[in-house]
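What follows is each chain in one-letter form.
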Amino acid sequence: MDEQKILRISFFPHIRDKASTSRIMLDVIIALLPATAFGVYNFGWRALLLILICVAACVLSELLWDLGMKKRVTLRDLSAVVTGLILALNLPPTLDWWIAVIGSVFAIVVVKMLFGGLGQNFMNPAVAAKCFLLISFAGRMNAFVFQNVISATPMEVLKAGGNVDLLQMFLGNTSGAIGETSALALLIGAVYLFIRRIIDFRIPLFYILAFAVYISIYSIFTRGGIDGSFLAAHLLSGGLLMGAFYMATDYVTSPVSPAGRIIYGAVLGVLTCTFRLFGSATGSVAYAIIIGNLLAPLIEKITRQRSFGKGAHLR
Amino acid sequence: MQKKDTIFTRLYHGILVENPTAVLCLGLCPTLAVTTTAKNGLAMGIVTGIVLVLSEFFISLLKRVIPKKDRMIIYVLISACFTTIIQLVLNAYYPDISESLGVFVSLTAVNGVIFGRADNYAMQNNPGLALFDGIGFGIGYTLIITILGAVREILGIGTIFGIRVIPDGYTLSIAALAPGAFFLLACIIAVAQKIKGGRSA
């Protein structure tokens, strides 16, 4: 009976929580459901098919990689599903299926698995895949069909100096990528993420704040004052909300320290706005986020908390 | 003591065991920059190969008179000589290739493969072996750079040596751009390491 009395000794941390990777990923999927559902409603069955293809391609390529490399199958953490879903929501609804498959395989195999799987990837796989597709298939990635006509996204209209309908943009009845049109659906999901404490408010807040400040300064110089509707139109368009709440907040590729998250969010806001105002209309959020991902380790380094009493003399 | 060098070990080392691009990772700048098509890759490989063979041979001949301290400048002088000759020949007989390779033909004079081989091999060995060392490494370099060019051309433009294999509109244009060059070179290095296996340099 003596063996029974041996106490279990484990290494720290001793505080236990129910949080697990798969639970967090499940929460992200739940949070994306309103945007997904709205995308399917807005763009029809082709959008649903594209979403399913992306998710299936991501899951399958992770499974095949794990099996092929004789590694533990890591599908249970659901991260491949999240990658597929986020990638699909960033694609134009009428994109050819094989392009979506190429993007998914690139996301999982090249960006994630080659670097060692979830937690080792230095870029958000879905965002990197979106940039990959944007560079590779510029024409097809920018052909947005809405209600059976190729129509400009609000972002493109805005860039061309046209007028946009703010209410429709908020609700999402516009042209654009599958998941990015409805600000309302994205915000509902974001509220869920905040309630479940999945994401930290700092990254999205400072992302959007830096973006808004930049736009305001820009409009002071170019439009002779802060223009509320111009600002709102920019905030609601081009997948900014999608990027701020779901893509920039990826655990693996964003800094962990609170100060680092503030800097990271602000950097993303400034980059997105620069690309959007002075570059091409599409993909500014995605490009900003992958550059931010690359800066994350540096941001982490300069905002690292120093242990008490250590290293103080170095300054 | 190493195994005795022969012509064949030189070729074998140059092409496989110490492949300049895939194993030693030398001369990557032209490798990444000019390999947008298989033809460019092949041309660049041949240019570098010829300069490499001639430079190694002459450096090996001159190894007793080259001062140790100032050897780098001598290498540059020798390789720049041959590069100039090649460049003039290209300009005269193959103006289209010369145009598509651009500045990288002249930059062959400072290609890392040439310095690496000159310093590590030609300076210690006789001219005959140095000649075959140059041929081996030249073939190794040409091989990889042509493969990279071919893969990028097939994926990015949909042709191989100008012959269409993938219909227009189904190509992956990132392969023809700089990021694609990095991805694909990394893939080639990975494959080469796999083929090379445990064989050490």
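Each chain has its residues counted from 1, following the order in which its sequence is written. Naming scheme: in the order in which they are written, chains are lettered from A and ligands are numbered from 1. Confidence filtering applies because this is a predicted model: local features only for residues at pLDDT of at least 70, side-chain atom pairs given and counted only at 80 or more, and all residues used for totals across whole chains, interfaces and linings. Heavy atoms from the whole structure form the basis of all side-chain values; hydrogens and water molecules are not counted.

A.B. asks: Please explain the overall build of chain A as it appears in this structure.
C.D. replies: The numbering of helices and of strands both runs from the N terminus, where a helix is a DSSP run of H or I of at least 4 residues and a strand a run of E of at least 2. Each helix and strand counted, chain A has 14 helices and two strands in total. Only the C-alpha atoms count toward the radius of gyration. The rule for a globule is 2.2 Å times the residue count to the power 0.38. Its C-alpha atoms give chain A a radius of gyration of 21 Å, within 12% of the compact-globule value 20 Å for 315 residues. By its C-alpha atoms, chain A is 80 × 50 × 35 Å across when sized along the principal axes. Taken across its 315 residues, chain A has 49% of its residues classed as buried. Accessible area is worked out with a 1.4 Å probe on protein chains only. A residue is then buried under 20% of its type maximum, exposed over 50%, and partly exposed in between.

A.B. asks: Help me understand the interface of chain A and chain B, please; the structure alone is not making it clear to me.
C.D. replies: Much of the literature gives interface size as the accessible area that the parts lose upon coming together. Counting residues at the interface gives nine residues for chain A and eight residues for chain B. Note: buried area is the sum, over both parts, of the accessible area (probe 1.4 Å) each one loses when the two are combined. Summed over both partners, the interface of chain A with chain B comes to about 700 Å²; 71% of that surface belongs to carbon and sulfur atoms. Per-residue buried area on chain A facing chain B is highest for Phe132, Ile135 and Ser136 of chain A; these three make up 52% of the total on that side. The salt bridge criterion pairs a side-chain nitrogen of Lys or Arg with a carboxyl oxygen of Asp or Glu, the two atoms within 4 Å. Summed over the shared surface of chain A and chain B, the number is zero salt bridges. Any pair of N or O atoms that falls within 3.5 Å is considered a polar contact. Within protein, one atom must be able to donate a hydrogen and the other to accept it, and sequence-neighbouring residues count only if both atoms are side-chain atoms. At the junction of chain A and chain B, the tally comes to three residue pairs in polar contact (both at pLDDT 80 or more). At the level of elements, α4 (97–112) and α5 (125–136) of chain A are the ones that each hand at least two residues to the side of chain A that touches chain B. Contacts were defined at the residue level, with two residues in contact if any of their heavy atoms lie within 4.5 Å.

A.B. asks: I'm lost on the packing of α4 of chain A against α5 of chain A in this one. Help?
C.D. replies: Helix-helix packing: each pair is described by the crossing angle between the helix axes and the interaxial distance. Residues and elements named next belong to chain A. Axis separation between α4 and α5 bottoms out at 8 Å; the angle between their running directions is 130°. Between α4 and α5, the angle falls in the class oblique. In the packing of α4 onto α5, the handedness of the crossing is right-handed. Along the contact surface, α4 presents Ile99, Ile102, Gly103, Phe106, Ala107, Val111 and Lys112, while α5 presents Pro125, Ala126, Ala128, Ala129, Phe132 and Leu133. Each residue gets one of three labels, nonpolar for Ala, Val, Leu, Ile, Met, Phe, Trp, Tyr, Cys and Pro, charged for Asp, Glu, Lys and Arg, and polar for the others, Gly among them. When grouped by side-chain class, the residues that make up the contact of α4 with α5 number 11 nonpolar, one polar and one charged. To obtain each axis, a line is fitted to C-alpha atoms, and for helices this fit is confined to the stretch in contact; angles are then taken between N-to-C directions over 0 to 180 degrees. Oblique is the label for every angle not falling under 35 degrees (roughly parallel), over 145 degrees (roughly antiparallel), or within 65 to 115 degrees (roughly perpendicular). Rotating anticlockwise by less than a right angle from the far helix to the near helix defines a left-handed crossing, while the corresponding clockwise rotation defines a right-handed one.

A.B. asks: How do you make sense of empty space enclosed by the protein when you look at a structure like this?
C.D. replies: Vacant regions in the atomic arrangement are exposed by a probe of water-molecule size rolled over the atoms. All names here are of chain A. Using only the protein atoms, space was sampled on a 1 Å grid; points where a 1.4 Å probe fits but cannot get out form cavities, open sets with protein on both sides within 12 Å along at least five of seven lines form pockets, and lining residues are those with an atom within 4 Å of a point. Grid points are joined across faces, edges and corners, and a volume is the space filled by probe spheres set on the points. Under the defined criterion, the tally for this structure stands at four cavities of 30 Å³ or more. Approximately 150 Å³ is the volume attributed to the largest cavity. In terms of lining residues, the largest cavity is bounded by 20 residues, among which Lys130, Glu180, Gly238, Thr282 and Gly283 are the most central. At the level of elements, α5, α12 (240–247) and α14 (284–302) are the ones that each hand at least two residues to the lining of the largest cavity. Among the elements that make up the lining of the largest cavity, the one with the highest residue count is α14 (three residues). Here the lining of the largest cavity is built from residues that sort into 10 nonpolar, eight polar and two charged. Considered as a void within the structure, the second largest cavity measures approximately 70 Å³ in volume. What lines the second largest cavity is a set of 13 residues, among which Pro154, Thr174, Thr181, Ser237 and Gly238 lie closest to the centre.

Keep in mind these values describe shape, not function.
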